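A closer look at the structure
Each chain, written out:
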Amino acid sequence: MFARLISTGGYLPEKIVTNDDLAKKIDTTHEKIVELSGIHSRHIAGDQENTITMAVQAAQQAIQSSDIDPDEIDLVLIATCTPERKMPSVACDVQRILGLKRGIPAFDLNAACSGFIYGTVLADQFIRAQTARCVLVVGSDKMSEVIDWSDRSTCILFGDGAGAAIFKADSQPGILSTYLGGDGQYADLLYTAPQPDKPGQETLQMSGREVFKNATKTLERLVDDVLLPVGLCRDDIDWLIPHQANLRIIRMTAKLLNLPMERVISTIEHHANTSAASIPLALDFACRRGQIKLGEHILLEAFGAGFTWGSVVLQY
Ligand code: UT7
């Protein structure tokens, strides 16, 4: 029994903030931001938009793009580190707003930028254990809410959005291999902390260079972690869909896999880092353009706060 990807959806807020827009407020330039990260612009949620509304839009698109009856969905997993409220979960809100079947399990998980990978691995486990047959996995983050817009080392990097995928039990190959990791020893390199002058608000703090080094070190193990255990090698991978944190990291990962950049789905230029939404948004982008053909192998990978990391190989 396999968990097969049957459809995807995505949502990006209408408002676009360019590097030049940021340069009017902080000491930076378009060229420097591109040099550091590859980012040109990002989408930022409007006042009425939040993790719930974005997740609903992305999930709705995934459902509409599939041939399933929404009543078939028997598990809702939402990956987010910026939930609109502490409870109930975004997943329960999405279940209610979309009128999904009552009584099915629905919950959020927080693995920061690795959240969608964690959610996908859970979907795979539920389907293989035959405790679910049709799982909606959404990554939704409103990073603009936790950004210190006066900190040029972090505010240039992030954006808002949501991406969704539906996995269904199938005898035909779908997810072939998964790997998850976490190490809380590195919590102080990327975290949110309360702001003394803004009660109730937390802002993101990052030791960028250290995170960069750890991310690339972890990604060096990708082949050993997720390909070799199931008898796959670099040459079996047709597409890389990486977490969109930094174009330099994406290029290094492509090199590691011997993949030309034409085989890498990179949306960082216009999406920036949307945390848990980054991979499903890139996946949706590629699927909608018809880039990925039936039967091709896709490698998804992420690294984020925690640290957390993970990867998934699936046959499309
Ligand atoms: O999604 C979760 C995982 N996150 C990541 O994987 C992010 C990992 N980190 C990174 O992507 C990179 O470390 C950054 C993009 C955050 C920074 O790149 P870096 O190559 O590590 O640069 P740096 O922080 O060492 O800064 C290089 C220079 C510094 O100036 P000096 O000291 O060389 O004069 C910074 O002050 O760039 C300067 N700088 C900027 N200049 C203009 C840093 N940010 C900016 C900016 N505009 N926005």
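About the criteria used
- Residues numbered from 1 in each chain as written.
- Predicted model: local features only at pLDDT ≥ 70, side-chain atom pairs only at ≥ 80, totals over all residues.
- Heavy atoms only, no water.
- Domains from an automatic or database assignment.
- Contact = heavy atoms within 4.5 Å.
- Buried area = accessible area lost by both parts, 1.4 Å probe.
- Salt bridge = Lys/Arg side-chain N within 4 Å of Asp/Glu carboxyl O.
- Phe/Tyr/Trp six-rings, centres within 6.5 Å; stacked < 30°, edge-to-face > 60°.
- Buried < 20%, exposed > 50% of the residue type's maximum accessible area, 1.4 Å probe, protein only.
- Lys NZ or Arg CZ within 6 Å of the ring centre and 35° of its normal.
- Axes fitted to C-alpha atoms, helices over the stretch in contact; angles between N-to-C directions.
- Helix = DSSP H or I, 4+ residues; strand = E, 2+ residues; numbered from the N terminus.
- Parallel < 35°, antiparallel > 145°, perpendicular 65-115°, else oblique.
- Left-handed = near helix turned anticlockwise from the far one by under 90°.
- Nonpolar A, V, L, I, M, F, W, Y, C, P; charged D, E, K, R; others polar.
- Disulfide = S-S within 2.5 Å.

What follows concerns the domain arrangement of the protein. Domain boundaries in the protein define domain 1 (2-170) and domain 2 (175-315). Here the C-alpha centre of domain 2 lies 14 Å away from the C-alpha centre of domain 1. Taken residue by residue, the interface counts 52 residues in domain 1 and 48 residues in domain 2. Here domain 1 and domain 2 share an interface that buries about 3800 Å² over both sides, 63% of which is from carbon and sulfur atoms. Sorting the residues of domain 1 by area buried against domain 2 places Cys113, Ile117 and Tyr118 first, and these three jointly supply 16% of that buried surface. The tally of links from domain 1 across to domain 2 stands at zero salt bridges.

Moving on to the packing of aromatic side chains. Taken as a whole and assessed by the stated rule, the structure comprises three aromatic pairs. Ring plane angle 50° and centroid distance 4.7 Å describe the contact between Phe303 and Phe307, whose orientation is recorded as tilted. Phe303 gets classed as buried once you look at its relative accessible area, which sits at 8%. Ring geometry for Phe303 versus Trp309: centroids 6.2 Å apart, planes at 15°, classification stacked. Judged by relative accessible area, Trp309 falls into the buried class, the value being 13%. Every member of this aromatic cluster is reached through a ring pair, and the members are Tyr186, Phe303, Phe307 and Trp309. A cation sits over an aromatic face here: Arg263 above Trp239, 4.3 Å from the ring centre.

Right, let's talk about the packing of helix α3 (residues 51-65) against helix α4 (residues 90-97) for a bit. Relative to each other, α3 and α4 sit at 50°, their axes nearing to 9 Å. Between α3 and α4, the angle is such that the two are oblique. Handedness of the α3/α4 crossing: right-handed. Along its contact with α3, which presents Thr51, Ile52, Ala55, Val56 and Ala59, the element α4 presents Val90, Asp93, Val94 and Ile97. Class assignment of the residues belonging to the contact of α3 with α4 gives a composition of seven nonpolar, one polar and one charged.

A few words on the state of the cysteines. By definition, a disulfide links the sulfur atoms of two cysteines through a covalent bond. For the coordinates displayed, the defined rule picks out zero disulfides. Just so you know, Cys81 is unpaired, no disulfide at all, and the nearest cysteine sulfur is the one on Cys113, 6.5 Å from it. Residue Cys81 is classed as partly exposed on the basis of its relative accessible area, which comes to 27%. A disulfide-free cysteine, Cys134 has its sulfur positioned 16 Å from the sulfur of Cys287, the nearest such atom. The exposure class assigned to Cys134 is buried, which follows from its relative accessible area of 1%.

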